[in-house]
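What follows is the residue order along each chain.
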Amino acid sequence: MNSYTHPPVLVVGAGPVGLVAALTLLQNGIPVRIIDKDPNPRMGQRGSGIWPRTLELFNFLNVPDVNDLGKPSPPVRSYKPGTLEPLNDFSMVPHIEPTPTIPFTIPKLIGQQLLDVVLQRHLEKFSCFVEGGTELRSFEQSDEGITAVLAKNEILENFHTKWMIGADGAKGVVRKQLGLIFLGETRNDAFLTGDIRLTAECLDREVCPFSMGWKRAPIQC
């Protein structure tokens, strides 16, 4: 007798990848359980760029909120190093008119903090809720399915399922236990991103300020 229970799919990791995977399955009538080891909602707007092909996917999944709430990338204004003298304005993305075959042509900016909320709200339409503070400790595979050892508040649970989706990142338990490598390279490029609110009358809020040689002579207001 098969002891594996519903839902037949366990999604490990409730970032955008896991949420989209869960929503896709639910829209196709497949029940899902989705967990994340972090007990609190993510803070911060990392990974904010959503490209047109991804907007097409969200539209296919009946999630128009991403395109509606996303903001177009602002034009970039370069300044003479060490001064507030503008040099020129330019767009990082060329303008392309949408067509019936290519309806989305402009990337949008929407941070992960907001994107997670949007996707979770769509999951909740299917009575599916992210189980925060639930961690995958280990799992075993067999011909029948998977037995996952989950932990919440240090209470262990053996969860039997047919399939498991590892969306817990390159350093996650799923990848490590499967022994999967993650090929890549370490680069010395310096790039800093952050959630910052600037108060300065000398900067135009409609453009993104950029100064060549900013390491030597940052813009000052």
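Small disclaimer: the values here were computed from a predicted structure and weren't measured.

Each value, and the rule that gives it
Residues numbered from 1 in each chain as written. Predicted model: local features only at pLDDT ≥ 70, side-chain atom pairs only at ≥ 80, totals over all residues. Heavy atoms only, no water. Helix = DSSP H or I, 4+ residues; strand = E, 2+ residues; numbered from the N terminus. Buried < 20%, exposed > 50% of the residue type's maximum accessible area, 1.4 Å probe, protein only. Contact = heavy atoms within 4.5 Å. Areas by Shrake-Rupley, 256 points an atom, 1.4 Å probe, with all protein chains shown as cover. Expected span 1.5 Å × (residues − 1). Arc of directions from axis to C-beta. Pairing = 2+ DSSP bridges. Salt bridge = Lys/Arg side-chain N within 4 Å of Asp/Glu carboxyl O. Axes fitted to C-alpha atoms, helices over the stretch in contact; angles between N-to-C directions. Core = buried A, V, L, I, M, F, W, Y, C linked by side-chain atoms within 4.5 Å. pLDDT = per-residue confidence, 0-100. Parallel < 35°, antiparallel > 145°, perpendicular 65-115°, else oblique. Left-handed = near helix turned anticlockwise from the far one by under 90°. Nonpolar A, V, L, I, M, F, W, Y, C, P; charged D, E, K, R; others polar. Phe/Tyr/Trp six-rings, centres within 6.5 Å; stacked < 30°, edge-to-face > 60°. Lys NZ or Arg CZ within 6 Å of the ring centre and 35° of its normal.

### Details of the overall build of the protein chain
- Counting secondary structure elements, the protein chain contains five helices and 13 strands.
- Taking all 221 residues of the protein chain together, the buried fraction comes to 32%.
- Pairs at least 24 apart in sequence give 65% of the contacts found in the protein chain among residues at least 6 apart.
- Surface summary for the protein chain: the accessible area is close to 15,200 Å², and the carbon and sulfur share equals 56%.

### A look at helix α4 (residues 112-124)
- Under the 1.5 Å per step criterion, the end-to-end length of α4 is 18 Å for 13 residues, consistent within 8% with the ideal 18 Å.
- Considered for burial, the residues of α4 that qualify are Q112, L115, D116, V118, L119, H122 and L123. Buried residues of α4, viewed axially, fall in a sector of 165°; they line one side.
- If you follow the buried residues of α4, they end up packed against α1 (16-27), β3 (49-50), α2 (52-60) and α3 (65-69).

### Quick word on the sheet that holds strand β4 (residues 71-72)
- With respect to topology, three strands assemble into an open sheet ordered β3-β7-β4, the strand pairing being antiparallel. Each edge of the open sheet carries a strand with a single partner, namely β3 and β4.
- Here two bridges tie β3 to strand β7 (residues 108-109), and the two strands are oriented antiparallel to one another. Counted as the bridge partner of G49 is L109 from β7.

### Regarding the pattern of salt bridges
- Scanning the model with the defined rule gives eight salt bridges in all.
- With a closest N to O distance of 3.0 Å, R42 and D36 form a salt bridge.
- Classification of R42 by relative accessible area gives partly exposed; the value is 24%.
- Note on D36: relative accessible area 8%, which makes it buried.
- Several salt bridges share partner residues, and in doing so they unite R33, E131 and E157 into one network.

### Brief notes about the sheet that holds strand β11 (residues 155-161)
- Spatially, β9-β10-β11 is the arrangement adopted by the three strands of the open sheet, whose pairing is antiparallel. Across the chains shown, the open sheet's two edge strands, defined by having one partner strand only, are β9 (135-141) and β11. The mean inter-strand angle of the sheet, taken between neighbouring strand axes irrespective of direction, is 20°.
- Of the strand pairs in this sheet, β9 and strand β10 (residues 146-152) are connected by six bridges, and their pairing is antiparallel. Bridge pairing in β10 places S138 opposite V149.

### A look at the nonpolar core
- Residues V32, I34, F58, V63 and V66 are the most contacted members of the largest nonpolar core, which totals 24 residues.
- Contributions of two or more residues to this core are made by β1 (9-12), α1, β2 (32-36), α2 and α4.
- If one sorts the elements of this core by residue count, α1 sits on top with six residues.
- Apart from the residues within four sequence positions on either side, V63 is in contact with L23, F58, V118, L119 and H122.
- L10, L136, I146 and F159 belong to the second-largest nonpolar core, a separate cluster that totals eleven residues.

### A look at the confidence of the model for the protein chain
- Looking at the protein chain as a whole, its pLDDT mean stands at 85, while 87% of the residues score no less than 70.
- Confidence drops under a pLDDT of 50 for residues 213-221, and excluding neighbours within four residues, the segment shows 14 contacts in the predicted structure.

### Description of the packing of α1 against α4
- Contact geometry of α1 with α4 gives a least axis separation of 10 Å together with a crossing angle of 20°. With respect to their mutual orientation, α1 and α4 come out roughly parallel. Where α1 crosses over α4, the handedness of that crossing is left-handed. Every residue of α4 that contacts α1 at P16, L19, V20, A22, L23 and L26 is listed here: Q112, L115, D116, L119, Q120, H122 and L123.
- Looking at the contact of α1 with α4, its residues break down into nine nonpolar, three polar and one charged.

### Describing the packing of aromatic side chains
- Under the criterion given, the structure shown has zero aromatic pairs.
- Positioned above the aromatic ring of F159, the side-chain terminus of R33 is 4.7 Å from the ring centre.

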